[in-house]
Amino acid sequence: MSDSPVSSVKLAPAQTPPVSAGRQVTAGPHISGALSGKRIMLLVIAALAPAAVWSIVCLGVPAVIVYVSCIVSAVGTEFVWNAAYRRPQTIGDFSALLTGILLAMCMPPMTPWWICAVAGVVAIGLAKMVFGGLGFNLFNPALVGRAVALLSWLGVMGELKPYAGGWLGVVPDVAASGKFDAISGATRLAVAAADRAAAGAYGFDLSAQYNALLFRNVAGSLGEVSAALLIAGGLFLIVMRIVDWRIPLGYIGTVAALAWVWGSDPVFNVLAGGVVLGAFFMATDYVTSPITKKGRLVFGIGCGLFNIVTRFFGPMPETTTFAILFMNGLAPVIDRMFLPKPFGWTRPAKGAKAHA
Amino acid sequence: MAGGVFRGGIHPPDRKEGSAGSPIQRAPIPERLIVPMSQHLGAPCTPLVAKGDRVERGQVIGDVDAMISAPVHAPAAGEVVSVGLALTPSGTRCVCVTIATDPGQSGDTFVAIRPTDAGTASAARAAGLVGLGGAAFPAAVKLVPAKSTPVDTVILNGCECEPYLTCDHRVMLERPERVIAGALLIAEAVGATRVVVAVEDNKPDAIEALRAVARSVEVLAVATRYPQGAEKQLIFSVTGRVVPGGKLPATTGCLVHNVQTAAALADAVESGMPLIERVVTVSGAVARPGNFLVAIGTPVSVLIGLAGGLRDDAVRVIAGGPMTAQPLGDLEVPIVKGTSGIIALTAAEAAPIVDTDQPCIRCGRCVDACPMVLHPYAIANYADRRNWDGCERFYALDCIECGCCSYVCPTNRPLLQLIRTGKGALLTKGVRR
């Protein structure tokens with residue numbers, strides 16, 4: 001080698017700034033992992049896609065209207081907000097798209113388009129952008145949008161009808177025949193609650209509902225059409241290490257265990273309503289859930305506890321939205337309880353006055 | 001008595017195939033050597049030569065009377081053409097002695113260190129030996145253990161866990177008896193009973209070569225995972241001992257040296273060879289990646305030329321492994337004692353340059369990856385807001401700057417850079433752990 005000529009060094013053409021002497025000078029590390037935030041969002045959307053497509057197949061045009069109005073209003077709100085404040089456009093990170101899809105999946109198929117649009121504006125505008133956009137919101141945007149729509153238009157969204165005298169009259173028929181549809185608003189969960197309140201007078205067989213809940217349930221929100229497809233999507237995200245198994249396991253495990261404790265059918269209580277969608281796709285939202293492993297398990301258990309207690313003892317059977325929103329508020333506190341001990345130390349971090 | 005695997009860490013693509021199979025080649029001595037007076041942690045040396053002086057290969061040209069320092073020797077015979085400030089790979093300027101070398105040197109003769117028989121530690125000092133893994137801590141300091149912390153285990157670090165780098169691998173493969181001799185010298189100097197060479201299990205040939213000449217030295221295969229070669233993580237992997245927070249690794253009774261350092265120590269003790277050359281990996285987007293035995297002070301551009309020059313798609317050149325290296329803005333800076341590699345990265349390989357402030361989405365990947373079990377996102381957020389108390393409460397000073405957090409961050413937040421800012425501010429304030 002000692003006789004090899006020392007050739008002159010050829011410099012690469014100048015690249016994007018910052019450059020010095022024709023090349024990049026930037027702080028390390030100089031390599032980075034392949035997983036980008038955008039890719040994470042796309043994987044979550046891919047995991048939701050089978051259930052979403054199936055809901056459109058089962059419910060048709062009304063479902064399309066809900067999806068389109070939720071997505072357009074959510075993404076549009078973020079676009080307009082950024083434009084109005086002259087900020088870099090962020091709709092390309094696909095988080096608003098994901099929020100729109102999730103929002104649609106927690107809407108009943110007969111929801112008017114304008115309620116969906118309001119919910120989308122609230123979700124992105126009020127729950128996300130006012131806090132500073134992606135990463136800074138305390139509450140899950142889609143669930144805030146749904147909560148506002150639900151509480152503003154209770155009658156339209158259907159939740160309180162059995163108690164407001166609406167379709168309560170059809171409960172005996174529906175319970176006996178099992179003919180659920182998307183129009184009456186009589187969800188299996190609501191019928192089960194009415195049956196439970198009437199001490200089993202309607203003879204509603206919970207275990208007979210598994211098949212419908214897993215594969216084709218048109219009485220409920222768009223995200224309740226197929227629990228099986230949602231579970232498959234959720235497991236995909238866990239296998240891909242996009243979501244931490246602790247939150248869904250804590251959530252679903254608690255719902256099943258407490259349903260059993262209170263004498264109801266655990267499987268029915270997991271599959272009916274928004275528990276599956278909430279546990280795999282809503283409660284696992286990075287921004288609004290704890291970052292510590294133990295904290296995530298506690299967070300999941302808390303969601304399940306709140307959900308099942310209010311389902312059995314509250315005024316409405318479907319409380320997934322409020323369970324997760326409540327725990328969202330506690331997430332920073334939970335994180336502070338489980339600060340880790342750094343390698344070599346015997347006491348944890350001294351805690352944060354303000355959450356980081 | 002292996003300890004197991006440390007928590008966290010990452011598995012970056014190792015990209016060592018370009019240079020791993022390339023035997024060490026002796027690089028010719030270039031026309032001009034730029035020898036910095038500060039190539040180590042600790043006090044810079046004072047130049048002992050002036051412009052116009054003749055120097056012989058191995059002659060001491062800089063020294064200082066400070067405990068934490070290491071003298072500097074002339075890497076080749078020649079004439080001093082200047083003594084003054086020049087740019088170093090760290091991006092700072094320091095006093096450098098520039099030598100116009102005599103043409104046609106063989107590179108076989110050198111001025112041996114004196115004295116040669118005053119013990120291992122003083123030989124390491126006289127040879128200007130520093131840690132060759134990258135940190136460049138003066139080796140002699142570590143060879144005199146404090147009375148309060150006796151050393152029972154010597155660990156030679158042959159992990160080379162950074163992508164691209166293969167210089168330690170080649171030294172273990174081609175000079176295993178030097179590595180083992182160095183290990184035994186260190187063990188003898190500090191009175192250790194257990195001597196371990198820890199090598200990541202992705203280098204079975206190096207493990208085999210070392211075992212063939214190991215004598216009483218244990219050659220241990222450790223898991224391939226970055227940062228396996230970080231001192232605290234390696235001590236845990238080899239012995240199961242945990243360095244207490246805020247304490248030096250020596251408190252565990254373990255002493256860690258790099259394998260190349262050990263080989264250089266053996267050379268210094270047995271033949272009086274000062275540290276005037278080292279093996280450097282040149283890899284990535286260069287025409288002919290390889291491992292070169294290079295005179296200290298050789299300009300980076302000359303070394304890249306030996307590797308066939310940069311490819312057209314090289315956008316970034318760095319000195320060291322890509323997780324911890326300094327970027328080079330100027331390729332006329334010299335190779336120093338701590339330079340383990342010169343890596344050219346393509347746009348596809350290099351971490352993206354992020355122009356705007358990217359949000360933390362609280363995904364927790366940095367928390368999972370941190371081998372020190374810190375909350376990098378929290379420290380970085382506090383540092384971003386100049387909240388140094390927050391940084392301290394989250395143990396910013398325990399950060400070993402391995403870069404795992406930045407590597408895994410899906411939004412490419414400059415986590416390590418922010419944490420360094422926080423650490424710097426805390427150290428300036430005088431905060432100790």
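Residues numbered from 1 in each chain as written. Chains lettered and ligands numbered in written order. Predicted model: local features only at pLDDT ≥ 70, side-chain atom pairs only at ≥ 80, totals over all residues.

Caption draft 1: A look at the overall build of chain B. Check the secondary structure of chain B and you find 14 helices and 17 strands. In terms of overall size, chain B behaves like a compact globule, its C-alpha atoms giving a radius of gyration of 21 Å where 433 residues would be expected to give roughly 22 Å. Considering only C-alpha atoms, chain B reaches an extent of 60 × 50 × 45 Å along its principal axes. Here chain B, with 433 residues, has 61% of them falling under the buried criterion. Long-range contacts, defined as pairs at least 24 residues apart, comprise 71% of the intrachain contacts of chain B with a sequence gap of at least 6. (Helix = DSSP H or I, 4+ residues; strand = E, 2+ residues; numbered from the N terminus. Rg over C-alpha atoms; globule rule 2.2 N^0.38 Å. Buried ≥ 20, exposed ≤ 12 C-beta atoms within 10 Å, placed from the backbone. Contact = placed C-beta atoms within 7 Å.)

Caption draft 2: Up close: the environment of Leu210 of chain B. Residue and element names in this part refer to chain B. Tracing the backbone through its elements, the reader meets Leu210 in helix H6 (residues 204-212). In this structure Leu210 comes out as buried when scored by C-beta crowding, with 26 C-beta atoms within 10 Å. Spatially, the C-alpha atom of Leu210 lies 24 Å from that of Gly321, the residues being 111 residues apart in sequence. Discounting residues that sit within four places of it in the chain, Leu210 has contacts with Met172, Pro176, Val179, Ile180, Val197, Val199 and Val219.

Caption draft 3: Local environment of helix H14 (residues 415-429) of chain B. Residues and elements named next belong to chain B. The end-to-end C-alpha distance of H14 is 21 Å, a good match for the 21 Å that 15 residues give at a rise of 1.5 Å each. Along H14, the residues classified as buried are Leu415, Leu416, Leu418, Ile419, Gly422 and Lys423. Angular distribution of buried residues about the axis of H14 spans 160°; they occupy a single face of the element. Here the buried face of H14 lies against helix H10 (365-369), helix H11 (376-384), helix H12 (388-393) and helix H13 (404-408). A positive phi of about 90° marks Gly430, the residue just after H14. (Expected span 1.5 Å × (residues − 1). Arc of directions from axis to C-beta.)

Caption draft 4: Region of interest: the interface of chain A and chain B. With 48 residues of chain A at the contact, the number on the chain B side is 71 residues. When contributions to the side of chain A that touches chain B are tallied by element, the ones reaching two or more residues are strand E2 (23-24) and helix H1 (37-59) of chain A. Considered class by class, the residues forming the side of chain A that touches chain B number 25 nonpolar, 19 polar and 4 charged. (Nonpolar A, V, L, I, M, F, W, Y, C, P; charged D, E, K, R; others polar.)

Caption draft 5: Expanded view of the sheet that holds strand E4 (residues 54-55) of chain B. All names here are of chain B. Ordered by their spatial adjacency, 4 strands build an open sheet running E2-E8-E7-E4, and the pairing between neighbours is antiparallel. Since the sheet does not close on itself, it has two edges, and those belong to strand E2 (32-36) and E4, each with one partner. Across 9 bridges, strand E7 (residues 78-87) lies against strand E8 (residues 93-101) in antiparallel orientation. Note that in E8 the partner of Leu85 across the bridge is Val95. (Pairing = 2+ DSSP bridges.)

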